[in-house]
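Here is what each chain is made of, one letter per residue.
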Amino acid sequence: MKPLLVKSFGLYTKMEKRLACRWPINIVPDLKEKSKAMTKEITKTNFRNEVIDSMTLALVQFKKEWSGACQIISPVYEELARSYKGQARFFSVDVEKETSLPEEYGIMEIPTILFFKTGQVVDHVKGLVPKNVLISKIENALAARQN
């Protein structure tokens, strides 16, 4: 039997597809749930109101829609946004549409996630990182005392 493929990317084994035909189970993720994006795309005009002036932890992902690395980390980022709803706010910036924000924060590598707390960058992540590293950084930022 082949090893199971990663379900978060919509890949399934032949065995799972056959089982789905025989039994009334749904192995395909609910499309309505997938369409509910928890992250909000922001621009330079609303960046100050949404991120800088916010008192809660704000994560901003700088990405390109066509980038493979960004496509890999986006489902993880969305899942974390659902998990930390109410504790942290999650945003994304398309660096091809908004060129001034990446320049302002020195973004050279895509994807990059900046962690903002009370208007200041308190942490960052560059490139592809495991989910547990992101969770650890979020937990540390949430636990950090505000100055």
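Small disclaimer: the values here were computed from a predicted structure and weren't measured.

Conventions we followed
Residues numbered from 1 in each chain as written. Predicted model: local features only at pLDDT ≥ 70, side-chain atom pairs only at ≥ 80, totals over all residues. Heavy atoms only, no water. Helix = DSSP H or I, 4+ residues; strand = E, 2+ residues; numbered from the N terminus. Buried < 20%, exposed > 50% of the residue type's maximum accessible area, 1.4 Å probe, protein only. Contact = heavy atoms within 4.5 Å. Areas by Shrake-Rupley, 256 points an atom, 1.4 Å probe, with all protein chains shown as cover. Pairing = 2+ DSSP bridges. Axes fitted to C-alpha atoms, helices over the stretch in contact; angles between N-to-C directions. Polar contact = N/O pair within 3.5 Å; in protein donor to acceptor, adjacent residues only side chain to side chain. Parallel < 35°, antiparallel > 145°, perpendicular 65-115°, else oblique. Left-handed = near helix turned anticlockwise from the far one by under 90°. Nonpolar A, V, L, I, M, F, W, Y, C, P; charged D, E, K, R; others polar. Core = buried A, V, L, I, M, F, W, Y, C linked by side-chain atoms within 4.5 Å.

Caption draft 1: Layout of the overall build of the protein chain. Per the secondary structure count, the protein chain includes six helices and five strands. Helices (α) and strands (β) of the protein chain occur, in sequence order from the N terminus, as α-α-β-α-β-α-β-α-β-β-α. Split into buried and exposed, the 147 residues of the protein chain put 34% on the buried side. When contacts within the protein chain are restricted to residue pairs at least 6 apart in sequence, those whose partners lie at least 24 apart make up 67%. Just so you have it, the protein chain exposes about 9,500 Å², and 55% of that area is on carbon and sulfur atoms.

Caption draft 2: Examining the sheet that holds strand β2 (residues 57-63) more closely. Spatially, β1-β3-β2-β4-β5 is the arrangement adopted by the five strands of the open sheet, whose pairing is mixed. Where the open sheet ends on each side, the last strands, each with one partner, are β1 (40-41) and β5 (120-126). Where strand β4 (residues 112-117) meets β5, six bridges bridge the pair, whose relative direction is antiparallel. Each bridged residue has a counterpart across the sheet, and for Lys117 the counterpart in β5 is Gln120. Sitting on the sheet, helix α4 (residues 68-83) is in contact with β2, β3 (88-94) and β4, with an inclination near 165° to β2.

Caption draft 3: Just unusual backbone geometry, in detail. Cis geometry marks the peptide bond from Ile110 to Pro111, where omega comes out at -5°. Within the element layout of this structure, Pro111 appears in the loop between α5 (100-104) and β4. The phi angle at Thr118 is positive, at roughly 50°, despite the residue not being glycine. Along the chain, Thr118 turns up in the loop between β4 and β5.

Caption draft 4: Layout of the side chain of Lys117. Along the chain, the position of Lys117 falls in strand β4. Within the structure, Lys117 has its side chain in polar contact with the backbone oxygen of Ala141 (distance 2.5 Å).

Caption draft 5: Representation of the packing of α4 against helix α6 (residues 131-143). In the contact formed by α4 and α6, the axes pass within 11 Å of each other and the chain directions differ by 40°. It follows that α4 is oblique to α6 by the angle criterion. Judged by the sense of rotation from one axis to the other, the crossing of α4 with α6 is right-handed. In this structure, α4 contributes Ile73, Val76, Glu79 and Leu80 to the contact, and α6 contributes Lys131, Leu134, Ile135 and Ile138. When grouped by side-chain class, the residues that make up the contact of α4 with α6 number six nonpolar, no polar and two charged.

Caption draft 6: Quick peek at the nonpolar core. In this structure, Leu57, Leu59, Phe90, Ile113, Phe115, Leu134 and Ile138 are the most contacted members of the largest nonpolar core, which totals 15 residues. Elements with a minimum of two residues in this core: β2, α4, β3, β4 and α6. With four residues, α4 is the single largest residue contributor to this core. Core analysis: the second largest hydrophobic core is formed by 14 residues, Ile42, Val60, Val93 and Leu114 among them.

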